[in-house]
Amino acid sequence: MCDYSVYLVTDSTMVPSTSTFIKQVEGAINGGATVVQLREKNLSTQDFIRRAQQVHELTKAKGIPLIINDRIDVALAVDAEGVHIGQDDMPIDLARKLIGDKILGVSCSTVEEAAVACGHDIDYIGIGAVYSTATKKDTKNIIGPVGVRKVLKVLRDGNTARDGTMSGARPKRSPIKCVAIGGINETNGARVLHQCQIQHQKLDGLAVVSCIMAREDAYRATKDLVDVINKGWWHKESAGEWTTSLVPKQMAQVRTVQPLVHHITNNVVKNFSANVTLAVGASPIMSELPEEFPELAALGNTALVLNLGTPSAAMMEVFHAGLSAYNHHGKHIVFDPVACGATTARLNCCRQLLNHGQMSVIKGNLGEIMGIYKLCSGYAAQDDGAVMRGVDSVATMDEESIVRMATEVSKDFRTVVVVTGATNYIVCNDKVETVEGGSQLMGRVTGSGCSLGSVIGAFLGGASEHSVFGAVAAAVTVYNQCGRKAAAVQHPGSFISSFIDELSRA
Ligand code: 3NM
């Protein structure tokens, strides 16, 4: 059985001048690579075979497989353990016929390609490109974790359907394995593994080229990647126990800790969001200066609120920098996908951000969460009727459908999901908490939706001993309670000051 966890794909064109190709491969193998694919696009057949023999000596000594890219003749000539083919290479059935029992891998970047590949006698698929990469200019699609998960769904369903009755050399098949490839390195590897999984189907490994081949010290680079993979992602959300009786303690903790809530938000709501943040005892900062993000994220008790409000190409850069910094320092991020259901362009902004980083919370109204749901692995346009059963309009979607949709979003994106409205739903995997909404008056005060993100950020920043779910549930509870109390004033202008007062007394 092949271990695909650290899958090195070679490229002799990027070897640093201080090293040699063979030294790089040797370093990688000693550093912990578990499989090596020899991928040479410009070598003569003779040179390719010679190189394959050299590398095979190294891999055999370590007992790991050598896989040859594309060139079945070379694989047969050196008796390599396997072959990897792309979509434009030899047809899968023919490759299998020629290589007998050897490992056979296929590149897939779409669900359609994966569906075809899964119908054949193959051992693994390479899914990519996850991110853009200078290593391969002609990547067909940059699919991100969102796209990888869609392929994983096809793979899972295909694996479930494989019953060993397919014709071919091997009677009973084991499940098809999978690795992700494209722009993966030690800074994003743990996150990619964390994000690229769905129920009952995860990646078996990460395939990398430049992360190892282009490094001065290939041994160290491989070891770093192995360490990151073994360590895993810093936070795995589980719903945990929470009851409303915990709210006073959680509120008190926010006031004691005074977390810093970094907002990257829209201009319309900055002032209100800052005042709401102060009212609950946290400190707001509205920085859009990427150079200072790493310092801010490194401080204790910080959280980031990322609000899509008024997106632009420039803001997308800022959002990306924020995501990287807060993910790197293991700090929570609240994502508010404002109006993402409204246009395809906005939803694409969300896709990019959700691909680039791991959010702790996604908060939105029903329309926004429906938008995000369209990015889920299980979403298919024809399923709208079944999954969104009872939808006449966004406003009348029934509770069961809301919860089902939010649950899928939570599981796919591995976040807590908050669906706001007359009733608020806080969902983490299969756990659901409902919280009574605030007041109709909130709909007449700009920023009253966005500033819930600020309060969630405050509770997350102060939440050392609570789960994300508990912190979010407490924030939503406090926010809406204060909204209901403040509504006694009956008018939107006085509601604003009354609401801030209620929050400061909560
Ligand atoms: N195949 P790096 S992306 C060889 O999408 C290859 O199928 C890809 O290089 C695919 O790790 C890719 O340096 C290059 O980003 C990956």
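This one's a predicted model, so the numbers in the text were calculated from it and none came from an experiment. (Residues numbered from 1 in each chain as written. Predicted model: local features only at pLDDT ≥ 70, side-chain atom pairs only at ≥ 80, totals over all residues. Heavy atoms only, no water.)

According to the stated counting rule, one finds six aromatic pairs in the structure shown. Aromatic side chains Tyr-7 and Tyr-124 sit 5.7 Å apart centroid to centroid with 55° between the ring planes, which places their arrangement in the tilted category. Placement of the pair is Tyr-7 in strand S1 (residues 6–9) and Tyr-124 in strand S6 (residues 124–128), with a sequence separation of 117 residues. Here Tyr-7 matches Tyr-124 in class, with each residue buried. A centroid spacing of 5.3 Å and a plane angle of 80° characterise the contact between Tyr-373 and Tyr-379, whose relative ring orientation is edge-to-face. Judged by its relative accessible area of 0%, Tyr-373 is buried. Taking the ring centre of Phe-21 as reference, the NZ or CZ of Arg-51 above it sits at 4.1 Å. (Phe/Tyr/Trp six-rings, centres within 6.5 Å; stacked < 30°, edge-to-face > 60°. Helix = DSSP H or I, 4+ residues; strand = E, 2+ residues; numbered from the N terminus. Buried < 20%, exposed > 50% of the residue type's maximum accessible area, 1.4 Å probe, protein only. Lys NZ or Arg CZ within 6 Å of the ring centre and 35° of its normal.)

Quick look at the sheet that holds strand S3 (residues 66–69) now. Taken together, the eight strands give a closed barrel; going around it, the order is S1-S2-S3-S4-S5-S6-S7-S10, and neighbouring strands pair in parallel fashion. Ignoring which end each strand starts from, the neighbouring axes of this sheet average 25° apart. Sheet strands touched by helix H2 (residues 45–62): strand S2 (35–38) and S3. Its angle to S3, the strand with the most contacts, is close to 160°. Together, strand S5 (103–108) and S6 form the strand contacts of helix H5 (residues 111–118), whose direction differs from that of S5 by roughly 160°. (Pairing = 2+ DSSP bridges. Axes fitted to C-alpha atoms, helices over the stretch in contact; angles between N-to-C directions. Contact = heavy atoms within 4.5 Å.)

Our next topic: the sheet that holds strand S18 (residues 431–436). Read across the sheet, eight strands follow the order S12-S11-S13-S14-S15-S16-S17-S18 without closing on themselves; strand pairing throughout is mixed. Strands with a single pairing partner mark the edges of an open sheet, and in this sheet they are strand S12 (283–285) and S18. Averaged over all neighbouring strand pairs, the angle between strand axes comes to 20°, with direction disregarded. In terms of strand pairing, strand S11 (residues 260–264) meets S12 through three bridges, oriented parallel. Across the sheet, residue Leu-260 finds its bridge partner in S12, namely Ser-283. Along the sheet face, helix H11 (residues 270–279) touches S11 and S12 and points at about 155° away from the line of S12.

Helix H18 (residues 450–461) packs onto H11 with a crossing angle of 35° between their chain directions and a minimal axis gap of 9 Å. With respect to the hand of their crossing, H11 and H18 are arranged in right-handed fashion. Along the contact surface, H11 presents Phe-272, Ser-273, Val-276 and Thr-277, while H18 presents Ser-451, Ser-454 and Val-455. Class assignment of the residues belonging to the contact of H11 with H18 gives a composition of three nonpolar, four polar and no charged. (Left-handed = near helix turned anticlockwise from the far one by under 90°. Nonpolar A, V, L, I, M, F, W, Y, C, P; charged D, E, K, R; others polar.)

All right, on to the site of the ligand then. Residues in close proximity to the ligand total 13 residues, the closest being Thr-133, Thr-135, Gly-183, Val-209 and Ser-210. One of the side-chain N or O atoms of Thr-135 is found 2.5 Å from an oxygen atom in the ligand. The contact in question runs from an oxygen atom of the ligand to an N or O atom on the backbone of Val-209, over 2.8 Å. A total of 430 Å² of accessible area belongs to the ligand in isolation, and the protein chains cover 94% of it. The class makeup of the residues in the shell around the ligand is four nonpolar, seven polar and two charged. (Near = heavy atom within 4 Å. Polar contact = N/O pair within 3.5 Å; in protein donor to acceptor, adjacent residues only side chain to side chain. Areas by Shrake-Rupley, 256 points an atom, 1.4 Å probe, with all protein chains shown as cover.)

With that settled, consider the domain arrangement of the chain. According to the domain assignment, the chain contains domain 1 (6–231) and domain 2 (247–505). With centres defined by C-alpha atoms, the gap from domain 1 to domain 2 works out at 38 Å. Of the residues lining the interface, 14 residues belong to domain 1; the matching set on domain 2 comes to 17 residues. The contact between domain 1 and domain 2 buries some 1,200 Å² in all, and 45% of this surface belongs to carbon and sulfur atoms. (Domains from an automatic or database assignment. Buried area = accessible area lost by both parts, 1.4 Å probe.)

Of all hydrophobic cores here, the largest spans 73 residues; its most connected members are Tyr-7, Ile-68, Ile-125, Ile-127, Leu-152 and Leu-203. With near-sequence residues (within four places) excluded, Ile-68 lies in contact with Leu-38, Phe-48, Ala-52, Val-74, Ala-75, Ala-80, Gly-82, Val-83 and His-84. Within the second largest apolar cluster, 47 residues are counted, among which are Val-261, Val-276, Val-280 and Ile-426. (Core = buried A, V, L, I, M, F, W, Y, C linked by side-chain atoms within 4.5 Å.)

Our focus in this paragraph is the environment of Ile-122. Positionally, Ile-122 belongs in the loop between H5 and S6. Given a relative accessible area of 1%, Ile-122 falls into the buried group. Between the alpha carbons of Ile-122 and Pro-175 there is a distance of 9.3 Å; along the sequence they are 53 residues apart.

Turning next to the pattern of salt bridges. Pairing between side chains of opposite charge can happen when the charged atoms of each approach one another. Taken as a whole and judged by the stated rule, the model has 19 salt bridges. Linking Lys-60 and Glu-57 is a salt bridge whose minimum nitrogen-to-oxygen distance equals 3.9 Å. Placement of both Lys-60 and Glu-57 in helix H2 is noted, with a separation of three residues, approximately one turn of the helix. Lys-60 sits in the partly exposed class, given a relative accessible area of 47%. Through salt bridges with shared partners, one network takes in Arg-96, Asp-121 and Asp-123. (Salt bridge = Lys/Arg side-chain N within 4 Å of Asp/Glu carboxyl O.)

Attention shifts here to the packing of helix H10 (residues 247–257) against H18. One way to put it is that H10 packs onto H18 with a least axis distance of 8 Å and a crossing angle of 80°. Judged by the inter-axis angle, H10 sits roughly perpendicular to H18. Every residue of H18 that contacts H10 at Gln-250, Met-251, Val-254 and Val-257 is listed here: Ala-458, Phe-459 and Gly-461. The residue inventory of the contact of H10 with H18, partitioned by class, reads five nonpolar, two polar and no charged. (Parallel < 35°, antiparallel > 145°, perpendicular 65-115°, else oblique.)

So, on to helix H20 (residues 492–505). The first and last C-alpha atoms of H20 sit 20 Å apart over 14 residues, in line with the 20 Å expected at 1.5 Å per residue. Of the positions making up H20, those classed as buried are Phe-495, Ser-498, Phe-499, Ile-500, Glu-502 and Leu-503. (Expected span 1.5 Å × (residues − 1).)

Take the environment of Lys-140 next. Secondary-structure assignment places Lys-140 in the loop between S6 and helix H6 (144–161). Residues Lys-140 and Gly-128, spaced twelve residues apart in sequence, show a C-alpha to C-alpha distance of 8.8 Å. When sequence neighbours within four positions are dropped, the list of residues in contact with Lys-140 reads Gln-87, Ser-109 and Glu-113. A polar contact of 2.2 Å, which involves the side chain of Lys-140, links it to the side chain of Glu-113.

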